[in-house]
Amino acid sequence: MRKFLLYISVLAVVVSTSCNNQLRRIEKSNNFEKKLDYANQLFQKKKYNTAITLYTDLVQVYKGTEKFEPMYYNFAYCSYYVKDYVQAAFQFKNYLDLFPNSPRAVEIDYMQAYCYYKQSPKVSLDQTNTMKAIAAMQTFINNYPTADKVSEANLVIELCRRKLEKKEFSSAELYYNLGFFKAAGIAFKNLMRNYPDSDKSDSYKVMAIRSYYNYAKNSIPERQKERYATVLDEYLDFADHYPNSKLKPDAEKFYTLAQNNIKTLDNEQIKAKSNQ
């Protein structure tokens, strides 16, 4: 058994050395047809990193020939398959610039947009590429409204919007937890406006009401009444938009507290005047 394993190991080394030697010979060769054929073989065998090396050397050789488009198609996908999505997006864009009337234009346009989606990071990080993915996918839908990939493009947009929603929620929640209640109220209202179809839209509104209540409660006495009035307005807006929400009792609690605090402030003002 040990002899067999040793034989396999030696054989693997011999094969690897042979392949490397062959690659070096082809790289140095001026036989471009042979080099292109070998690059295509590597692509078919999913040896994309090695294929990229050969395709890179061949771009200028075959540019303007009938073999250039299929070669560049493989070249672009090599970057995608090795998960170099920045380079892949660049190559797909170049493909569209070089071959705008290609039968593969719809496919490549989608792949360019999809590369932005693949670059979209986790929620806690900057979401520039997420927004680029949304814009690129929407452009794709606008350009090819009847394409087979439209449903997938819409799904990508929805997934990206959910990520952006989570990002905005994290920011709003952070404002609230840090005690920046006015900023939190504005952020939660923006969440509701930006994602009106979200199943959490009513909870964002409740958090806005809660934030404005705490903002009023922690204000100087001279500004409390007008700020409690904001809580009342926000609750009435909530009741109008979400009359059947399960969170209505939570919103009503702050509405009642704000009403009672306004009454207390009014009574204190009347009492102060009567003592003058």
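Residues numbered from 1 in each chain as written. Predicted model: local features only at pLDDT ≥ 70, side-chain atom pairs only at ≥ 80, totals over all residues. Heavy atoms only, no water.

- The name recorded for the protein chain in an unreviewed UniProt entry is Beta-barrel assembly machine subunit BamD, from Chitinophaga ginsengisegetis.

### A look at the side chain of Asp109
- Note on placement: Asp109 falls in helix α6 (residues 105-118).
- For Asp109, which is buried and forms no salt bridge, the nearest opposite charge comes from Lys93, at a distance of 10 Å.
- Those residues in contact with Asp109 that lie beyond four places of it in its chain are Leu96, Phe140, Asn143 and Tyr144. (Helix = DSSP H or I, 4+ residues; strand = E, 2+ residues; numbered from the N terminus. Buried < 20%, exposed > 50% of the residue type's maximum accessible area, 1.4 Å probe, protein only. Lys, Arg positive; Asp, Glu negative; His and termini not counted. Salt bridge = Lys/Arg side-chain N within 4 Å of Asp/Glu carboxyl O. Contact = heavy atoms within 4.5 Å.)

### Regarding the nonpolar core
- The biggest cluster of nonpolar side chains holds 77 residues, and the ones touching the most others in it are Tyr55, Tyr80 and Phe92.
- With nine residues, the single largest contributor to this core is helix α4 (residues 68-81).
- Beyond its immediate chain neighbours, meaning those up to four positions away, Phe92 contacts Ala76, Tyr77, Tyr80, Ile108, Met111, Gln112 and Cys115. (Core = buried A, V, L, I, M, F, W, Y, C linked by side-chain atoms within 4.5 Å.)

### Overview of the packing of helix α9 (residues 181-194) against helix α10 (residues 201-217)
- At their nearest, the axes of α9 and α10 sit 8 Å apart, and the two run at 160 degrees to each other. Taken together, the axes of α9 and α10 are roughly antiparallel relative to one another. In this structure, α9 meets α10 at a crossing whose hand is left-handed. Across from Phe181, Lys182, Ala184, Gly185, Ile186, Phe188, Lys189, Leu191 and Met192 in α9, the residues of α10 making contact are Ser201, Tyr204, Lys205, Met207, Ala208, Ser211, Tyr212, Asn214 and Tyr215. (Axes fitted to C-alpha atoms, helices over the stretch in contact; angles between N-to-C directions. Parallel < 35°, antiparallel > 145°, perpendicular 65-115°, else oblique. Left-handed = near helix turned anticlockwise from the far one by under 90°.)

### Focus: the confidence of the model for the protein chain
- Per-residue confidence for the protein chain gives a mean pLDDT of 91, with 89% of residues at or over 70.
- A low-confidence stretch, residues 9-19 (pLDDT under 50), is modelled with one contact involving residues beyond four sequence positions or located in other chains. (pLDDT = per-residue confidence, 0-100.)

### Let's talk about unusual backbone geometry
- Not every positive phi belongs to a glycine, and Lys46 is a case in point at roughly 65 degrees.
- Its location among the elements puts Lys46 in the loop between α2 (32-44) and α3 (48-62).
- The backbone of Lys83 sits at a positive phi, close to 70 degrees, despite the residue not being glycine.
- Mapping Lys83 onto the fold places it in the loop between α4 and α5 (85-98).
- Of the residues examined, Lys83 reaches a relative accessible area of 61% and is grouped as exposed.

### Some remarks on helix α12 (residues 248-274)
- Its 27 residues place the ends of α12 39 Å apart at the C-alpha level, agreeing with the 39 Å of an ideal helix rising 1.5 Å per residue.
- Those residues of α12 that fall on the buried side of the exposure criterion are Ala251, Phe254, Tyr255, Ala258, Ile262 and Leu265.
- Against α10 and α11 (221-241) lie the buried residues of α12. (Expected span 1.5 Å × (residues − 1).)

### Some thoughts on the environment of Phe169
- Of note, Phe169 is situated in helix α8 (residues 150-177).
- As for Phe169 and Phe188, which are separated by 19 residues in sequence, their C-alpha atoms are 7.3 Å apart.
- Among all residues touching Phe169, those that are not within four sequence positions of it are Phe188, Leu191 and Tyr204.

### Remarks on the environment of Asn214
- Secondary-structure assignment places Asn214 in helix α10.
- Considered as a pair, Asn214 and Lys182 are 32 residues apart in the sequence and their alpha carbons are 8.5 Å apart.
- Ignoring anything within four residues of it in the chain, the contact list for Asn214 reads Tyr176 and Phe181.

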